[in-house]
Amino acid sequence: DGTLDSVSDTITLDGNGEKTLTVSAGEATTAQDSYTLTATSSETGDATQDITVNPAPASQITASEATDTATASDTETGTITVSASDEFGNSVQGETISVDNADGLSAISGVTSDTDASGDATFSYNTESAGTYSPEFSLSDGTTTDTATVTVNPASASKLSVTSSALSLQAGNQ
């Protein structure tokens, strides 16, 4: 639970005995903080209202480097995580993240994913070609983008070939 500044003021009620108050989060920049607004009256006693501060709309995304470096294979997959947050750094749930440029990682080309409760969207990839890839991601509105770095290592050799050409050697020559 958070604390907002205390306000003490006299309020005049309308003819129905009501008054509408507007409360601003002001300095409260951490989402999911909860507050209790208490109004005290000498005639009617206390009235309380719980208030929860929700994240602002997503304004930035961060595409992580792939933490599990994949090996070139048509079956092994790696994962890229893209995080959405608001201007205060709070995670934002329910944002749609799109792959704008898969940079050769065909498994994620044209894919979208929604952010979870932690503000994270995950994308799985695989490729048969070793190399470094830089897929680009964006918020659904297309205004905010970020690029991840993905390294795909060569697969282990599956066979060894030795070839030779006919050589003619003369004894005593090196």
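These numbers come from a predicted model, not from an experiment.

### With respect to the environment of Q49
Stage number 1. Position of Q49 among the secondary structure elements: in strand 2 (residues 45–52).
Stage number 2. The exposure class of Q49 is partly exposed, given its relative accessible area of 49%.
Stage number 3. In the structure, Q49 is positioned 14 residues away from Y35 in sequence and 8.4 Å away in space, judged by C-alpha atoms.
Stage number 4. Filtering out sequence-adjacent residues up to four positions away, Q49 remains in contact with Y35, T36 and L37.

### Let's talk about the pairing of strand 6 (residues 96–101)
Side-chain positions along a regular strand alternate between the two faces of the sheet.
Stage number 1. The sheet contact formed by strand 6 and strand 7 (residues 112–114) spans three bridges and is antiparallel. Across the sheet, residue T96 finds its bridge partner in strand 7, namely D114.
Stage number 2. Taken together, the four bridges between strand 6 and strand 10 (residues 136–139) define a ladder with antiparallel strand orientation. Bridged to N101 within strand 10 is E136.

About the cut-offs
- Residues numbered from 1 in each chain as written.
- Predicted model: local features only at pLDDT ≥ 70, side-chain atom pairs only at ≥ 80, totals over all residues.
- Heavy atoms only, no water.
- Helix = DSSP H or I, 4+ residues; strand = E, 2+ residues; numbered from the N terminus.
- Buried < 20%, exposed > 50% of the residue type's maximum accessible area, 1.4 Å probe, protein only.
- Contact = heavy atoms within 4.5 Å.
- Pairing = 2+ DSSP bridges.

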